[in-house]
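Structural overview for review
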Amino acid sequence: MADRIVLHVGPHKTGSTALQHMFATNRRVLARYGIHYPITGLDGAAHQDVARACWGKDSSLLLDLANEMAEHDTVFISSELISALDMKGLERLRSAFGETRVEIIYVIRRLPNLLASHWRELIKHGQKLSFEEYLENAVVDTGRPNLVPPLPMLHLDRLCRFFGSDTLRILCYDARNSEVENYGQDFVDDIFGIGHEDVFRTKQLNTTAQDWQVELGRHMNILGNTTLNYPQRLNLRKKLFERIADDMLDWMPGFAAQYDAAVPITLSDQTDWIAQEQEAVAQTYGSHFVDPVESYLAPTEQQIRQLPLGMLSPQLRSDISFLFNELAANLDPFPPTG
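Residues numbered from 1 in each chain as written. Predicted model: local features only at pLDDT ≥ 70, side-chain atom pairs only at ≥ 80, totals over all residues. Heavy atoms only, no water.

Notes on the packing of aromatic side chains
Within a pair of aromatic rings, the relevant descriptors are the distance that separates the centres and the angle that separates the planes. Using the following cut-off: Only Phe, Tyr and Trp rings take part, Trp by its six-membered ring, and two of them pair if their centres are within 6.5 Å. Stacked means planes under 30 degrees apart, edge-to-face means over 60, and tilted covers everything else. Runs of H or I in DSSP of at least four residues are treated as helices and runs of E of at least two as strands, each being numbered from the N terminus. Exposure classes here rest on a 1.4 Å probe applied to the protein chains alone. A residue is buried below 20% of its type maximum, exposed above 50%, and partly exposed in between.
Tallied over the entire structure, the rule returns 12 aromatic pairs. With centroids separated by 4.6 Å and ring planes inclined at 80°, the aromatic side chains of F23 and F76 adopt a geometry described as edge-to-face. Highlighted residues: F23 in helix 1 (residues 16-25) and F76 in strand 3 (residues 74-78), separated in sequence by 53 residues. For the pair F23 and F76, a shared accessibility class is recorded, and that class is buried. Ring centres of W212 and F255 lie 6.4 Å apart, and the angle between their planes is 55°; this geometry places the pair in the tilted category. Note that W212 is positioned in helix 11 (residues 211-223) and F255 in helix 13 (residues 252-261), a separation of 43 residues in sequence. Ring pairs connect the aromatic residues F23, Y37, F76, F187 and F192, which therefore count as one cluster.

What follows is the structure, given as structure tokens:
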């Protein structure tokens, strides 16, 4: 088994995709410094299959990972799905690592920004739930961890229970600004002390849609054909945003104006349960922050607007359904997801 395992656990919407693409592209560069980024468990650029194996009790993949790690001194694993593992899943992961010391790298983000971004991402992946329904999942067990808001106290408590808190390091997304090129360099430098390499510069990979476009996507999820598989649903949302960028249909400005007139839901650092959550993180885990804790507690506000389906005219619903069918007719049966 390796002498050192560094586990980057996300969570979602904290710049993980850009980092993982940089890690996978530069496996050989990492190897020059004695850092191994395993092949086993990779789904694209991230080790998502490692987390899925812990969910699904796939002992063969975890055994293959252990065998691969045994040939290297320092191993680096990255998957934002790990932060969402339940107790049993984390126990399986801890067992797969044996007695090796595991360092946990957790990237934290101000909750109003994190929750708004995570919900928008779920819509782009084909979900239909409103923002209110999404927030309710924080306190209601839906049995679907992918739909649960990523609350840091739950993540950190579980991770520290199985891996200990002495090796926990918390990086603040808001302090680092993941959209700049040196995000990857700073990350690798803080963890391994080698961030000076230009190859560790990161690029923003996920596309950013306007808020009204996300809401249009949500209504397409509600009104559209539900027989599409997951890769098709993801590709359809991508085609929607490309279509809007190329050519706004006649009815879209009206939809956008109606969206802008809706009363927003305001989420801020002063919202009671968010203030309590962030303060609990600062008090319990503040000593593990690499960046100033104040960068996490800084004032932040997000406004989310929603258009209930009943507020849309029959003609507008018909226009949305027609657009869905038009885009879906040209989808590949199994499009690439990478």
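A look at the pattern of salt bridges
In plain terms, the rule: Think of a salt bridge as a Lys or Arg side-chain nitrogen and an Asp or Glu carboxyl oxygen that are within 4 Å of each other.
On inspection of all chains with the given rule, the structure shows 14 salt bridges. Here R169 and E103 are joined by a salt bridge, their closest N and O atoms 2.7 Å apart. A residue pair is termed long-range when its members are at least 10 positions apart, and R169 in strand 5 (residues 169-172) and E103 in strand 4 (residues 101-108) qualify at 66 residues. The exposure class assigned to R169 is partly exposed, which follows from its relative accessible area of 23%.

Considerations on the sheet that holds strand 4
Which entries qualify depends on this criterion: The pairing criterion for strands is at least two bridges between them, as found by DSSP. Note on definitions: a residue-residue contact is assigned when non-hydrogen atoms from the two residues lie within 4.5 Å. Here, axes are lines fitted to C-alpha atoms. For helices the fit covers the stretch in contact, and angles between N-to-C directions go from 0 to 180 degrees.
Ordered by their spatial adjacency, 5 strands build an open sheet running 2-3-1-4-5, and the pairing between neighbours is parallel. Of all strands in the sheet, those with a lone pairing partner are strand 2 (35-36) and strand 5, marking the two edges. Along the sheet, helix 10 (residues 182-192) contacts strand 1 (4-8), strand 2, strand 3, strand 4 and strand 5; its crossing angle with strand 1, the most-contacted strand, is approximately 145°.

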